[in-house]
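Report on the structure
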Amino acid sequence: MKILLTVALSVLGIAIVSLIIRYKTRQTQKETDEEKLDRMTW
Amino acid sequence: VSSLPVNPIGNATVTEYRSIQTLRGVAATMVAMMHVLFFYPQAVGDKPPMPYMASFYHLRGFGGSGIQIFFVISGFIMAYLNAIGETKSFFQFMVRRITRIAPLYWMATLFFAYVVVPGHFSTERVIDSLFFILRPDNSTVVGPGWSLNFEMIFYVIFGLITLTFRVSFVWVGLVFLAFGALSEATNFYFFTLMSDPIVWCFFAGIVIFHTHRLPFVQKNSRSIFVAGLVILLSAIFWHTADKSYGVRQFLPWGVPSMMIVLGAVSMEDCGKGRRIFGNRILLVLGNASYSIYLMHEILFFRFPSLLFDIIGIQKWAGPDVAALFFLASLVAIGVVIHYLIEKPLTRLVRALTKPLLS
């Protein structure tokens, strides 16, 4: 049961992060210069 | 920022250094890995077996070298911002730096001090953390905050030198030397902390910005990058990491970190290494590196009990897989925090402080 829970959580986590990456990569192309700089400066 | 002048590369828009972002992603993950390996025994209630990784030569503390990479990158990016004329005055420069760093850091500090471990930190300590004030023991409420204090002091020095006094960046190095002399003369903890060799990573980053396009460097960029990588990785076998920083860490970690950053940006500039620096996952980790770096330690206080007590992943997957799963989860949560909290928060603060920059 715990194995299934871990696997399910992992799949869910991977799915969420992949979706975010996909969506954000598309969005990154529309970024302003200010946002681009923000990502590089900290 | 649409009024940004043409940058030194000749494009009309801001250059995105993918190599820098990739290295940031790797560095943040390395720091998280170090903390996972140190924290693992506590997470499982000191019940063996422990991860093999934690006892593999000096791998356990190796992730700390990520900080040196961060500092080199920081110097490089500040020199880049100066070259493109991001801001016109010291005040504007500091507003841009503080509005980038502080919102998430303040949120993390207040959340940790008053929600996660209420009553653990004195108000004085919280205030010191919020205002980036160095303490004699170099501690902050949120663990990784100590390096942000160093960053902030570097920003002040860099901003004053390049925007107020408008003199050569070499003066940054002279100020660091002066800190060393003042430390010897006064023994005051501020100067002692700020004369640690790790601050030279900032200066090296500036020098790297001004040298990475030299023909000799570009011609040998791949060799410099690979040599830096090999030297840094070799440190796993011969360098015992501890909290003393100093020259002991500067040589095995600082110098190769400089070589890695120099090699990487120079490679990117002449079109090499696109496969490494174009990796989407590493870029996302780089973009989210601030959240990963800042937030992962806070998650040590609640999250592990789900993984190790309720699910008991270490019992059926083994300690090494459990530690790696723990690390991957922290990184993934950092990515989510970046998109759901850090970015909207930064956007909001930027909008509110826009009048200060006009």
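A few points on the structure. (Residues numbered from 1 in each chain as written. Chains lettered and ligands numbered in written order. Predicted model: local features only at pLDDT ≥ 70, side-chain atom pairs only at ≥ 80, totals over all residues. Heavy atoms only, no water.)

Moving on, we get to the overall build of chain A. Along chain A, the regular secondary structure elements total two helices and zero strands. For chain A, buried positions account for 36% of its 42 residues. On chain A, roughly 2700 Å² of surface is accessible, and the fraction owed to carbon and sulfur atoms is 70%. (Helix = DSSP H or I, 4+ residues; strand = E, 2+ residues; numbered from the N terminus. Buried < 20%, exposed > 50% of the residue type's maximum accessible area, 1.4 Å probe, protein only. Areas by Shrake-Rupley, 256 points an atom, 1.4 Å probe, with all protein chains shown as cover.)

All names here are of chain B. The tally for this structure, following the rule as stated, stands at 11 salt bridges over all chains. The residue Glu-86 makes a salt bridge to Arg-96 at a minimum N-O spacing of 2.8 Å. In this pair, Glu-86 is assigned in the loop between α4 (65-83) and α5 (90-116) and Arg-96 in helix α5, connecting sequence segments 10 residues apart. Arg-96 shares its class with Glu-86; the two are buried. (Salt bridge = Lys/Arg side-chain N within 4 Å of Asp/Glu carboxyl O.)

The subject of this paragraph is the interface of chain B and chain A. Listed per partner, the contact involves 43 residues of chain B and 22 residues of chain A. Summed over both sides, the interface of chain B with chain A buries roughly 3100 Å², with 65% coming from carbon and sulfur. Connecting chain B to chain A are six salt bridges. The salt bridge involving Arg-96 of chain B is made with Glu-34 of chain A; its shortest N-O contact spans 2.7 Å. Our count for the contact surface shared by chain B and chain A stands at 10 residue pairs in polar contact (both at pLDDT 80 or more). Counting residues per element, the ones that place at least two in the side of chain B that touches chain A are α1 (18-43), α4, α5, α7 (145-164), α15 (280-287), α16 (289-295), α18 (313-317) and α19 (319-357) of chain B. By residue class, the composition of the side of chain B that touches chain A is 25 nonpolar, seven polar and 11 charged. (Contact = heavy atoms within 4.5 Å. Buried area = accessible area lost by both parts, 1.4 Å probe. Polar contact = N/O pair within 3.5 Å; in protein donor to acceptor, adjacent residues only side chain to side chain. Nonpolar A, V, L, I, M, F, W, Y, C, P; charged D, E, K, R; others polar.)

So, about the packing of α1 of chain B against helix α17 (residues 303-310) of chain B. All names here are of chain B. Running from amino to carboxyl end, α1 crosses α17 at an angle of 60°, the nearest separation of the two axes being 11 Å. The angle between α1 and α17 places the two elements in the oblique class. As α1 runs across α17, the sense of the crossing is right-handed. For the pair α1 and α17, contact is made by Phe-39, Tyr-40 and Ala-43 and by Pro-304, Phe-308 and Asp-309, respectively. A class-by-class count of the residues in the contact of α1 with α17 yields five nonpolar, no polar and one charged. (Axes fitted to C-alpha atoms, helices over the stretch in contact; angles between N-to-C directions. Parallel < 35°, antiparallel > 145°, perpendicular 65-115°, else oblique. Left-handed = near helix turned anticlockwise from the far one by under 90°.)

Within the secondary structure, Arg-350 of chain B is located in helix α19. Judged by its relative accessible area of 6%, Arg-350 of chain B is buried. One polar contact links Arg-350 of chain B to Asp-38 of chain A, side chain to side chain, over a distance of 2.3 Å. A polar side-chain atom of Arg-350 of chain B sits 2.2 Å from a polar atom in the side chain of Thr-99 of chain B. If sequence neighbours within four positions are ignored, Arg-350 of chain B has contacts with Glu-34 and Asp-38 of chain A together with Val-95, Arg-96, Thr-99 and Arg-100 of chain B.

Together, Leu-5, Leu-9, Leu-12 and Ile-16 of chain A together with Leu-306 and Ile-310 of chain B make up an exposed nonpolar region whose accessible area comes to about 500 Å². Contributions of two or more residues to the nonpolar patch are made by α1 (2-28) of chain A together with α17 of chain B. Considering each element in turn, the nonpolar patch owes the most residues, four residues, to α1 of chain A. (Patch = residues over 30% accessible without salt bridge, like charges linked within 9 Å, V, L, I, M, F, W, Y side chains within 5 Å.)

Below, the discussion takes up helix α2 (residues 33-40) of chain A. The buried fraction of α2 of chain A is high, at six of eight residues. Taken residue by residue, α2 of chain A has Asp-33, Lys-36, Leu-37, Asp-38, Arg-39 and Met-40 of chain A as its buried positions.

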